[in-house]
Amino acid sequence: MIRAVLVAAVLLGAWELYCRLSGIDPLVLPAPHQVVAALWNDRSLLASDLLSTAGEVAAGLVAALLFALLAAISIHLSRTMRRSLYPVLVASQTLPIPVVASLLVVWLGYDLGPKVAIIALVAFFPVVVATLGALAKTDPELPRLVRALGAGRARTFWLVEAPAAIPGAFDGLRIAVVLSVIGAVFAEQAGSESGLGHTIQQALPQLLMSRAYAAVIVLSALALALFGLIGLIERLLVPWARVQGSQL
Amino acid sequence: MPNTPVASAVTLSDVVLTRRVNRSQQIEVLDSVTLSAAEGSTVAIVGPSGCGKSTLLEVACGMLKPTSGTVTAQPAAMMAQRDLLLPWATALDNAALALRAAGLSRDDARDQAADWFPKLGIAGFENVRPAQLSGGMRQRVAFARTLLAGRPVIALDEPFAALDALSRIEARAWLSDALAAGGRTALLVTHDVEEAVLLADRIIVLSPRPAKVVESLSVEIAKPRRRSDPQVVAMRQSILELLGAGQ
Ligand SMILES: Nc1ncnc2c1ncn2[C@@H]1O[C@H](COP(=O)(O)OP(=O)(O)OP(=O)(O)O)[C@@H](O)[C@H]1O
Ligand SMILES: [Mg+2]
């Protein structure tokens, strides 16, 4: 953590130095101190933006998680689903998100709906892939044992395979968190009245570069906080898997 | 004995089993194995490494279908060579897994499983996960799970393989107690001939793969048996000779 702060400080120092020495126009690249000033001056705007973006991301992630688990379970349990649903899910990831976002706004309007849909669209896929990976890597002797002890297909799944897959779902969620924040920006830029992505989009034509950069920083902070939160939940929920390598 | 025929709990006749080891290769693992285990008895199975002992147990438990031949057996529960404990579940929940698999609720399964912990000398470790248990404790938990399956036959595949010599002696004690108390039929695979002589009523000696029954010996030595008992020593020696390791 201290090291991360140090790295950030060095990068910011270099950035500040570059702005001063090169005499670059702050309308092109604002210096860090100007961004910090914007963070402070625009704090009430940024705070309310953060709130609405965080709300969208949270709703989108929950939707993504529910859909991804459902999809992973059905693909794992059914060969038909693997053959039919999985290719469709893969194909869904090739959709150009900004275009889909605009179309959804036309269809569903400026509410939460299209934003949650876009965020879920970009966030569900890593959860599906990682959960399926964990399911496939379950020691095959474990379900075999439980079946020999008298459990049917469904009970075997809940007793053995589902718990074994939880760490995989968390691995996927970690990727999903980062993607969901990017998804939120696209969704807001397609049509929104608030949010960090909306503010970035508004700031650029007004040449409020420092504000745009400030909004990006708040966005990164949101992603970091969510990433940390996922790690925390994982440690509470999956204490048997010592997942140190994958946490902040 | 010959005058009091006992019902047989497990009978294999002329069981042949071939297994596919890779895409192009099949190997014969069991070659016309015929054996039977009398109800309530302990039958030890010894044989060279890789000869097909684990496979034989899986066939007897109905987990593998023989290529040919017939298997008639009462319902059996298997304790595999690896303990196969669920890493996320506590010792108690692992022992209770047999009951959960059979459809009991979590609480009922835990209640019944808890009774076995003091009997197997692992009281106090109910809420510990497998990673924090010693090898011997893990095997006791796996054994409890096998007993809790409530099947008349239990098949134990090298239950003490992971233990050092001292723990094995202790483990034999709780195993023979549990077997004596349960009235169950036990199939015990072991690579320790002495263990077979100490615990079993009958010893089946297998040939190298493909496994055939080389000899089926009835062990007529009063229990509890001691390692130093001349009869035990003599029987151990003759079995080692059958296995080609006499000297
Ligand atoms: N799952 C499997 N699929 C295909 N072949 C197998 C499988 N398991 C074991 N075999 C083969 O069957 C043969 C007998 O294996 P088995 O595990 O029954 O031997 P074993 O007598 O129990 O050996 P050990 O004493 O080392 O435990 C071996 O040659 C092995 O390669
Ligand atoms: Mg074996």
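Residues numbered from 1 in each chain as written. Chains lettered and ligands numbered in written order. Predicted model: local features only at pLDDT ≥ 70, side-chain atom pairs only at ≥ 80, totals over all residues. Heavy atoms only, no water.

### Regarding the site of ligand 1
Residue and element names in this part refer to chain B.
Turning to step 1, where the next piece is worked out: Inspection of the region around ligand 1 gives 15 residues, with Gly50, Lys53, Ser54, Thr55 and Gln81 positioned closest.
Turning to step 2, where the next piece is worked out: For ligand 1, an oxygen atom lies 2.9 Å from a polar atom in the backbone of glycine 52.
Turning to step 3, where the next piece is worked out: Within the complex, the protein chains bury 67% of what would otherwise be the 640 Å² of accessible surface of ligand 1.
Turning to step 4, where the next piece is worked out: Breaking the shell around ligand 1 down by element, the ones donating at least two residues are β1 (8-22), β2 (25-38) and α1 (53-60).
Turning to step 5, where the next piece is worked out: Of the residues in the shell around ligand 1, the class split is 4 nonpolar, 6 polar and 5 charged. (Near = heavy atom within 4 Å. Polar contact = N/O pair within 3.5 Å; in protein donor to acceptor, adjacent residues only side chain to side chain. Areas by Shrake-Rupley, 256 points an atom, 1.4 Å probe, with all protein chains shown as cover. Helix = DSSP H or I, 4+ residues; strand = E, 2+ residues; numbered from the N terminus. Nonpolar A, V, L, I, M, F, W, Y, C, P; charged D, E, K, R; others polar.)

### Here we look at the domain arrangement of chain B
Residue and element names in this part refer to chain B.
Turning to step 1, where the next piece is worked out: Looking at chain B, the domain boundaries give domain 1 (1-75 + 153-164 + 175-247) and domain 2 (83-150).
Turning to step 2, where the next piece is worked out: Look at where the C-alpha atoms of domain 1 and domain 2 centre, and you get two points 26 Å apart.
Turning to step 3, where the next piece is worked out: Across the boundary between the two partners, domain 1 contributes 11 residues, which contact 7 residues of domain 2.
Turning to step 4, where the next piece is worked out: A buried area of about 680 Å², summed over both sides, lies between domain 1 and domain 2, and 67% of it is on carbon and sulfur atoms.
Turning to step 5, where the next piece is worked out: Sorting the residues of domain 1 by area buried against domain 2 places Ile154, Ala178 and Arg184 first, and these three jointly supply 51% of that buried surface.
Turning to step 6, where the next piece is worked out: For the side of domain 1 that touches domain 2, the secondary structure elements donating two or more residues are β6 (153-157) and α6 (165-182).
Turning to step 7, where the next piece is worked out: Its residues assigned to classes, the side of domain 1 that touches domain 2 comprises 9 nonpolar, no polar and 2 charged. (Domains from an automatic or database assignment. Contact = heavy atoms within 4.5 Å. Buried area = accessible area lost by both parts, 1.4 Å probe.)

### Some remarks on the confidence of the model for chain B
Turning to step 1, where the next piece is worked out: On average, residues of chain B score 90 in pLDDT, and 97% of them reach the 70 mark or higher.
Turning to step 2, where the next piece is worked out: Note on the complex model: pTM 0.85, ipTM 0.85. (pLDDT = per-residue confidence, 0-100.)

### A word on the packing of aromatic side chains
Turning to step 1, where the next piece is worked out: This model, assessed by the stated rule, comprises 7 aromatic pairs over all chains.
Turning to step 2, where the next piece is worked out: Between phenylalanine 143 of chain B and tryptophan 174 of chain B, the ring centres sit 5.0 Å apart and the planes meet at 45°, which makes this aromatic pair tilted. Here tryptophan 174 of chain B lies in helix α6 and phenylalanine 143 of chain B lies in helix α5 (residues 135-148), a separation of 31 residues in the sequence.
Turning to step 3, where the next piece is worked out: Judged by its relative accessible area of 1%, phenylalanine 143 of chain B falls in the buried class.
Turning to step 4, where the next piece is worked out: An angle of 90° between the planes, with centres 5.8 Å apart, marks the rings of phenylalanine 160 of chain B and tryptophan 174 of chain B as edge-to-face. Of this pair, phenylalanine 160 of chain B sits in the loop between β6 and α6 while tryptophan 174 of chain B is found in helix α6, placing the two residues 14 residues apart along the sequence.
Turning to step 5, where the next piece is worked out: In this structure an aromatic cluster arises from ring pairing among Phe67, Phe124 and Phe125 of chain A.
Turning to step 6, where the next piece is worked out: Over the aromatic face of tryptophan 40 of chain A sits the side chain of arginine 43 of chain A, whose NZ or CZ is 3.9 Å from the ring centroid.
Turning to step 7, where the next piece is worked out: Sitting above the plane of the tryptophan 116 of chain B ring, lysine 119 of chain B keeps its charged end 4.4 Å from the centroid. (Phe/Tyr/Trp six-rings, centres within 6.5 Å; stacked < 30°, edge-to-face > 60°. Buried < 20%, exposed > 50% of the residue type's maximum accessible area, 1.4 Å probe, protein only. Lys NZ or Arg CZ within 6 Å of the ring centre and 35° of its normal.)

### Regarding the nonpolar core
Turning to step 1, where the next piece is worked out: In this structure, Phe143 and Leu175 of chain B are the most contacted members of the largest nonpolar core, which totals 51 residues.
Turning to step 2, where the next piece is worked out: Take this core: its biggest share by element is 8 residues, from helix α2 (residues 91-101) of chain B.
Turning to step 3, where the next piece is worked out: For this core, the domains that each give at least three residues are domain 1 (1-75 + 153-164 + 175-247) and domain 2 (83-150) of chain B.
Turning to step 4, where the next piece is worked out: Setting aside residues no more than four positions away along its own chain, leucine 175 of chain B makes contact with Phe143, Leu156, Phe160, Leu188 and Leu199 of chain B.
Turning to step 5, where the next piece is worked out: In this structure, Ile119, Ala123, Phe170 and Leu222 of chain A belong to the second largest nonpolar core, which totals 39 residues. (Core = buried A, V, L, I, M, F, W, Y, C linked by side-chain atoms within 4.5 Å.)

### Points about the state of the cysteines
A covalent bond between the sulfur atoms of two cysteines is what we call a disulfide.
Turning to step 1, where the next piece is worked out: Going through the model one piece at a time under the given rule, you end up with 0 disulfides over all chains.
Turning to step 2, where the next piece is worked out: Counting only cysteine sulfurs, cysteine 61 of chain B is the nearest neighbor of cysteine 51 of chain B, a cysteine outside any disulfide, at a range of 16 Å. (Disulfide = S-S within 2.5 Å.)

### Examining the coordination of the magnesium ion (ligand 2)
Residues and elements named next belong to chain B.
Turning to step 1, where the next piece is worked out: Taken together, the protein ligands of the magnesium ion (ligand 2) are Ser54 (OG) and Gln81 (OE1), with distances of 1.9 to 2.3 Å. Of this pair, serine 54 sits in helix α1 while glutamine 81 sits in the loop between β5 (76-79) and α2, and the two are 27 residues apart along the sequence.
Turning to step 2, where the next piece is worked out: The class of glutamine 81 is partly exposed, set by a relative accessible area of 42%. (Donors = N, O, S within 2.8 Å, 3.2 Å for Na, K, Ca; no water.)

### A word on the interface of chain A and chain B
Turning to step 1, where the next piece is worked out: Facing 18 residues of chain A, the contacting portion of chain B comprises 21 residues.
Turning to step 2, where the next piece is worked out: A combined buried area of about 1700 Å² lies between chain A and chain B, and 65% of that area is made up of carbon and sulfur atoms.
Turning to step 3, where the next piece is worked out: Our count for the chain A to chain B interface comes out at 2 salt bridges.
Turning to step 4, where the next piece is worked out: Glutamate 58 of chain B serves as the salt-bridge partner of arginine 144 of chain A, at 2.6 Å between the closest nitrogen and oxygen.
Turning to step 5, where the next piece is worked out: Every element with two or more residues in the side of chain A that touches chain B is listed here: α7 (141-148) and α8 (153-190) of chain A.
Turning to step 6, where the next piece is worked out: Per element, the largest residue contribution to the side of chain A that touches chain B is 6 residues, and it comes from α7 of chain A.
Turning to step 7, where the next piece is worked out: The residue makeup of the side of chain A that touches chain B, split by class, is 12 nonpolar, 1 polar and 5 charged. (Salt bridge = Lys/Arg side-chain N within 4 Å of Asp/Glu carboxyl O.)

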